[in-house]
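Read off the chains here:
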Amino acid sequence: MKSIVSLALSLLAFAPPAQAQDLQRGRLLYGTHCATCHTEKLHQRDKTVVKSMADLRDQVVRWAPQTKRSFTPDELEDVVQHLNRSHYRLVK
């Protein structure tokens, strides 16, 4: 039993933080399902309707059905967080 606990603790020590995994998943989801329909120019800050995190969430939810993929709420939030970190840099 002790060896199982030790193994589990050592695996946890080397696991990436959940937030990093979520950002990576958001980048992967965006790159696979969203970026195929538009270019990076869509996210130019001076021409955007996105002024807040709520706006960004609204836009991701609005356009997600165009991908023909059913996203979970967590996946949508991962895409939102990826876009915020990579393009918008809005205050949370």
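Residues numbered from 1 in each chain as written. Predicted model: local features only at pLDDT ≥ 70, side-chain atom pairs only at ≥ 80, totals over all residues. Heavy atoms only, no water.

Participant: Which parts of the structure should I look at to understand the overall build of the chain?
Facilitator: Regarding its fold elements, the chain presents 4 helices and 0 strands. Along the chain, from the amino end to the carboxyl end, the secondary structure elements read α-α-α-α. Across the 92 residues of the chain, 28% fall into the buried class. With the model as given, the accessible surface of the chain reaches about 6,900 Å², and the carbon-plus-sulfur share is 61%. (Helix = DSSP H or I, 4+ residues; strand = E, 2+ residues; numbered from the N terminus. Buried < 20%, exposed > 50% of the residue type's maximum accessible area, 1.4 Å probe, protein only. Areas by Shrake-Rupley, 256 points an atom, 1.4 Å probe, with all protein chains shown as cover.)

Participant: Sorry, what's going on with the pattern of salt bridges here?
Facilitator: Between side chains of opposite charge, a pair can form when the charged atoms approach closely. Considering all chains together, one arrives at 3 salt bridges under this definition. For Asp78, the salt bridge goes to Arg25, with nearest N and O atoms at 2.3 Å. Here Asp78, found in helix H4 (residues 73-88), pairs with Arg25, found in helix H2 (residues 18-34); they are 53 residues apart in sequence, far enough to count as distant. By relative accessible area, which is 7% here, Asp78 ends up buried. Between Glu77 and Arg57 there is a salt bridge, with its nearest N and O atoms 2.8 Å apart. Here Glu77, found in helix H4, pairs with Arg57, found in helix H3 (residues 53-63); they are 20 residues apart in sequence, far enough to count as distant. Classification of Arg57 as partly exposed rests on a relative accessible area of 32%. (Salt bridge = Lys/Arg side-chain N within 4 Å of Asp/Glu carboxyl O.)

Participant: What am I meant to see in the packing of aromatic side chains here?
Facilitator: For any pair of aromatic rings, geometry is given as the distance between the ring centres together with the angle between the planes. Taken as a whole and judged by the stated rule, the model has 0 aromatic pairs. Geometry around Phe71 places Arg69 over its ring, the cationic atom sitting 4.8 Å from the centre. (Phe/Tyr/Trp six-rings, centres within 6.5 Å; stacked < 30°, edge-to-face > 60°. Lys NZ or Arg CZ within 6 Å of the ring centre and 35° of its normal.)

Participant: Explanation requested: H4 in the structure shown.
Facilitator: Every α-helix carries 3.6 residues per turn, so stepping three or four residues along brings you back to the same face. Glu75, Leu76, Asp78, Val79, Val80, Gln81, His82, Leu83, Asn84, His87 and Tyr88 are the residues of H4 that are buried. The first or second residue beyond H4 is Arg89, which carries a positive phi of 55 degrees.

Participant: How do you make sense of H3 when you look at a structure like this?
Facilitator: Turning to H3, its buried residues are Met53, Leu56 and Val60. Taken end-on, H3 shows its buried residues confined to a sector of 60 degrees, consistent with a single buried face. Turned more than 90 degrees from where H3 packs its buried face, Asp58 and Arg62 sit exposed. On its buried side, H3 packs onto H4. (Arc of directions from axis to C-beta. Contact = heavy atoms within 4.5 Å.)

Participant: Please clarify how the environment of Val80 should be interpreted in this entry.
Facilitator: Tracing the chain through its elements places Val80 in helix H4. By relative accessible area, Val80 is classed as buried at 2%. Along the chain, Val80 and Val61 lie 19 residues apart, while their C-alpha atoms are 9.2 Å from each other. When near neighbours in sequence (up to four residues on either side) are disregarded, Val80 contacts Met53, Leu56, Arg57 and Val60.

All quantities given are derived from atomic positions and should not be read as evidence of function.
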